[in-house]
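A structural walkthrough
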Amino acid sequence: NSETPGAVEVRRILRFHGGPSRSPVARVRHLVTEEYHDRANAEIVRREIREFQPDLIHMNAPTGLSHAPLNVAGQSGRPVLIHIHDLWLADFLSHARLGMVNRMLFRHAMTGPWRVVAVSRRLAALTIDAGLAKNRIRTVHNGTPPCHSTDTPTDEPRISRAIFCSRITRAKGLHVAAAAGIPLDVYGKGDEEYLARCLE
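First things first, this report covers the structure right here in the doc. (Residues numbered from 1 in each chain as written. Predicted model: local features only at pLDDT ≥ 70, side-chain atom pairs only at ≥ 80, totals over all residues. Heavy atoms only, no water.)

This paragraph deals with the pattern of salt bridges. For the coordinates displayed, the defined rule picks out 8 salt bridges. For Arg170, the salt bridge goes to Asp91, with nearest N and O atoms at 3.0 Å. Separated by 79 residues along the polypeptide, Arg170 in the loop between β7 (162-165) and α7 (174-179) and Asp91 in helix α4 (residues 88-93) bring together distant segments of the chain. Classification of Asp91 as partly exposed rests on a relative accessible area of 32%. Among the ionic pairs, Asp185 bridges to Arg161, the shortest N-O distance being 2.9 Å. Taken together, the positions of Asp185 in strand β8 (residues 184-187) and Arg161 in the loop between β6 (137-139) and β7 put the pair 24 residues apart, joining distant regions of the chain. (Salt bridge = Lys/Arg side-chain N within 4 Å of Asp/Glu carboxyl O. Helix = DSSP H or I, 4+ residues; strand = E, 2+ residues; numbered from the N terminus. Buried < 20%, exposed > 50% of the residue type's maximum accessible area, 1.4 Å probe, protein only.)

Among the 5 residues that make up strand β5 (residues 114-118), 4 are buried, leaving the element largely enclosed by the rest of the structure. Across 5 bridges, the pairing between strand β4 (residues 80-84) and β5 is parallel. In the strand pairing of β5, Leu81 is matched with Arg115. The sheet contact formed by β5 and β6 spans 3 bridges and is parallel. Across the sheet, Val116 pairs through a bridge with Ile137, a residue of β6. (Pairing = 2+ DSSP bridges.)

A word on helix α5 (residues 99-109). Where α5 is concerned, the buried positions are Gly99, Asn102, Phe106 and Ala109. When α5 is viewed along its axis, its buried side chains cluster within an angular range of 90° and face the same direction. Turned more than 90 degrees off the buried face of α5, the exposed positions are Met100, Met104, Arg107 and His108. (Arc of directions from axis to C-beta.)

What follows is the structure, given as structure tokens:
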């Protein structure tokens, strides 16, 4: 899809992948062709870099695109800024079985200048704990309007019910909301196995 708000062209052309299914065959296919190397996404990013010749490649929330776009960007020799909003990079680097391999692949991919921006100090800390060098990451909070209220309530009201409306995946933190013990209505689709663990 293409949009042109003002003088800026927005092209939505990369394929997004959700969580794996329960089928063992589908899990293997998901790991190889969707998590590690989506050939179509790799070629799209390679083509865009070749045609657009960017001064900087900003990878904003690359969760679900496979690692192929990151690999192509990292090996382009151009500066790469990886903007993380979730645990995608931390989970990749600290994976229980593939963490060591993933860290080697990440170091091999990032041949040019690169940095990571995290949207919170906690996310930055978790990514550092997962193996990212501390000097490679900075925290830049999402912009929020300033609060001009001078009212300071003495008794914070307790949340009695909440709605979770999102893609069902660990990166969205449903398990955190579930552990809080607040009655929760969940709307969304995604990883059924993860959802079952949250329901437990």
